[in-house]
Amino acid sequence: NKKLILDLDTGVDDAMAIAYAVAAPNADLVGIVSSYGNVVVEQAAKNSLKILELLGATDVPVYIGESHSEMTDHFDVMPVSAHIHGKNGIGEVDLPEPQRKPEKESGVDFFIEAARKWGKDLTIIPTGPLTNLAAALKKDPEIADLIGNVTLMGGALTVPGNVTPFAEANIQQDAEAANYVFTNKLHDTMVGLDVTLRTLLTKKETQQWRDLGTAAGEKFADIVDYYINIYDEMYPELGGCSLHDPLAVGIACDPSFATTLDIDMVVNSDKEKYGRTIGDTARLSDANPSVSVAIQVEKDRYLATFMEYLTTLFKN
Ligand code: BDR
Ligand code: CA
């Protein structure tokens with residue numbers, strides 16, 4: 001089985017990413033690192049612990065990562081994220097205070113330890129800013145050769161961004177870190193808005209969770225319905241909410257869900273186009289491009305798998 005580490009700024013779709021990773025039969029979720037973005041890092045860790053307890057997955061350790069990008073000296077939750085995910089990040093739904101606490105070891109050190117322990121079996125799935133992964137690579141550059149794969153939710157190649165005309169939210173939080181990861185030796189799969197905006201969930205599906213009559217089914221339906229309502233307001237043309245983060249987990253577990261384009265990428269950090277993910281003209285003729293960008297997705301097969309996994313998990 002693949003060993004998965006999620007690196008999350010635990011909002012609503014991050015919570016669905018946790019559920020997918022816990023449920024996936026061909027993967028072991030070995031840890032969660034916390035990031036910032038939808039909420040501050042401590043809240044992200046707390047949300048992850050709450051979700052794991054709701055799902056009965058209390059053996060998965062949660063680590064605290066960096067609280068902001070190296071380029072800023074403070075972090076304020078972007079009002080747009082608070083609006084999309086609710087003030088607490090999980091759709092204003094009350095879940096019991098977690099019994100467990102985050103680990104003492106830092107998220108960055110856990111990445112380094114995990115790369116040395118699991119090597120090519122390890123897949124890291126960041127679904128928030130890339131600050132933690134960039135910090136681990138800077139602290140111990142050797143891990144770039146050890147880690148099996150990085151499958152990240154972030155960026156956009158064929159469509160505009162979602163927080164600026166150029167930038168997707170996760171990349172926009174820390175364009176420098178994203179550029180560090182994209183231009184590093186390690187191989188990345190980028191699951192960006194190109195595919196996540198096409199992969200949608202509706203209240204038809206959340207009703208199926210509600211109908212299970214379990215706490216997990218009901219709470220997840222409440223959390224995700226909050227997100228669907230916001231999507232209906234903000235993007236009425238989509239007709240559902242985007243499965244951004246759980247799609248990255250799905251593609252990490254089964255790459256055949258996506259068609260990819262292999263290119264070398266850079267991330268712009270100039271003021272005007274801050275956070276744009278784009279091909280690197282300087283490396284156009286390099287033989288082994290380092291990023292596989294998902295440009296097409298088998299969304300119906302993915303959604304069927306997503307529902308099968310989550311429904312089975314919520315039933316028990
Ligand atoms: C990404 O931004 C966050 O708000 C979501 O959780 C997702 O990771 C989408 O742009
Ligand atoms: Ca996220």
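Cut-offs used in this document
- Residues numbered from 1 in each chain as written.
- Chains lettered and ligands numbered in written order.
- Predicted model: local features only at pLDDT ≥ 70, side-chain atom pairs only at ≥ 80, totals over all residues.
- Helix = DSSP H or I, 4+ residues; strand = E, 2+ residues; numbered from the N terminus.
- Rg over C-alpha atoms; globule rule 2.2 N^0.38 Å.
- Buried ≥ 20, exposed ≤ 12 C-beta atoms within 10 Å, placed from the backbone.
- Expected span 1.5 Å × (residues − 1).
- Contact = placed C-beta atoms within 7 Å.
- Axes fitted to C-alpha atoms, helices over the stretch in contact; angles between N-to-C directions.
- Parallel < 35°, antiparallel > 145°, perpendicular 65-115°, else oblique.
- Nonpolar A, V, L, I, M, F, W, Y, C, P; charged D, E, K, R; others polar.
- Near = placed C-beta within 6 Å.
- Pairing = 2+ DSSP bridges.
- Core = buried A, V, L, I, M, F, W, Y, C linked by C-beta atoms within 7 Å.

- Looking at an unreviewed UniProt entry, one finds the protein named Inosine-uridine nucleoside N-ribohydrolase and attributed to Apilactobacillus ozensis DSM 23829 = JCM 17196.

**Details of the overall build of the protein**
Here comes step 1: The helix and strand inventory of the protein stands at 13 helices and 12 strands.
Here comes step 2: Its C-alpha radius of gyration of 18 Å places the protein within 12% of the 20 Å reference for a compact globule of 316 residues.
Here comes step 3: The principal-axis extent of the C-alpha atoms belonging to the protein is close to 55 × 45 × 40 Å.
Here comes step 4: The burial tally for the protein puts 52% of its 316 residues in the buried class.

**Observations concerning helix 2 (residues 41-54)**
Owing to its 3.6 residues per turn, the α-helix brings residues three or four apart onto one side.
Here comes step 1: The terminal C-alpha atoms of helix 2 lie 20 Å apart, and with 14 residues this matches the ideal 20 Å at 1.5 Å per residue to within 8%.
Here comes step 2: Most of helix 2 is tucked away: 12 of the 14 residues are buried.
Here comes step 3: Residues of helix 2 that are buried: Val-41, Gln-43, Ala-44, Ala-45, Lys-46, Asn-47, Ser-48, Leu-49, Lys-50, Ile-51, Leu-52 and Leu-54.
Here comes step 4: Summarising the contacts, the buried residues of helix 2 are in contact with strand 1 (2-8), helix 1 (12-23), strand 2 (27-34), strand 3 (62-64) and helix 11 (215-234).
Here comes step 5: Trailing helix 2 by a residue or two, Gly-56 shows a phi angle of about 70°, which is positive.

**A short note on unusual backbone geometry**
Here comes step 1: Located in the positive-phi region is Glu-92, a residue other than glycine, with phi close to 60°.
Here comes step 2: Here Glu-92 falls in the exposed class, since 12 other C-beta atoms lie within 10 Å of it.

**Description of the packing of helix 1 against helix 13 (residues 299-315)**
A pair of packed helices can be characterised by two numbers: the angle between their axes and the separation between those axes.
Here comes step 1: Contact geometry for helix 1 and helix 13: axes closest at 9 Å, N-to-C directions at 80°. If you check the angle between helix 1 and helix 13, you find them roughly perpendicular. Contacts from Ala-19, Tyr-20, Val-22 and Ala-23 in helix 1 reach Phe-306, Tyr-309, Leu-310, Thr-312 and Leu-313 in helix 13.
Here comes step 2: By residue class, the composition of the contact of helix 1 with helix 13 is eight nonpolar, one polar and no charged.

**Some words on the site of ligand 1**
Here comes step 1: Around ligand 1 sit 13 residues, and of these Gly-11, Asp-13, Thr-127, Ala-169 and His-244 come closest.
Here comes step 2: Those elements that provide at least two residues to the shell around ligand 1 are helix 1, helix 7 (169-173) and helix 12 (244-253).
Here comes step 3: Partitioned by chemical class, the residues of the shell around ligand 1 number two nonpolar, seven polar and four charged.

**Things to note about helix 1**
Here comes step 1: Compared with an ideal rise of 1.5 Å per residue, which puts 12 residues at 16 Å, helix 1 spans 17 Å between its outermost C-alpha atoms and is within 8% of the ideal.
Here comes step 2: Most of helix 1 is tucked away, with 12 of its 12 residues classed as buried.
Here comes step 3: For helix 1, the complete set of buried residues consists of Val-12, Asp-13, Asp-14, Ala-15, Met-16, Ala-17, Ile-18, Ala-19, Tyr-20, Ala-21, Val-22 and Ala-23.

**Comments concerning the sheet that holds strand 1**
Here comes step 1: Judged by pairing direction, the sheet is mixed, and its eight strands sit side by side in the order 3-2-1-4-5-6-12-9 without closing on themselves. One side of each edge strand has no neighbouring strand; the edge strands of this open sheet are strand 3 and strand 9 (258-263). Adjacent strand axes in the sheet meet at a mean angle of 25°, parallel and antiparallel pairs treated alike.
Here comes step 2: Of the pairings in the sheet, the one linking strand 2 to strand 3 comprises three bridges and is parallel in character.

**Considerations on the nonpolar core**
Here comes step 1: Ranked by size, the top nonpolar core spans 101 residues in total, and within it Leu-6, Ala-19, Tyr-20, Ala-21, Val-224 and Ala-248 carry the most contacts.
Here comes step 2: Of the residues forming this core, the biggest block, 10 residues, is contributed by helix 1.

**Considering the pairing of strand 6 (residues 188-191)**
A regular strand places its side chains so that they alternate between the two faces of the sheet.
Here comes step 1: On strand 6, burial covers both faces: Asp-188 and Met-190 on one face and Thr-189 and Val-191 on the other are all buried.
Here comes step 2: Across four bridges, the pairing between strand 5 (residues 149-153) and strand 6 is parallel. Paired with Leu-152 across the strands is Met-190, a residue of strand 6.
Here comes step 3: Sheet analysis places strand 6 next to strand 12 (residues 291-297), joined by three bridges and oriented parallel. Along strand 12, the bridge assignment pairs Thr-189 with Ser-292.

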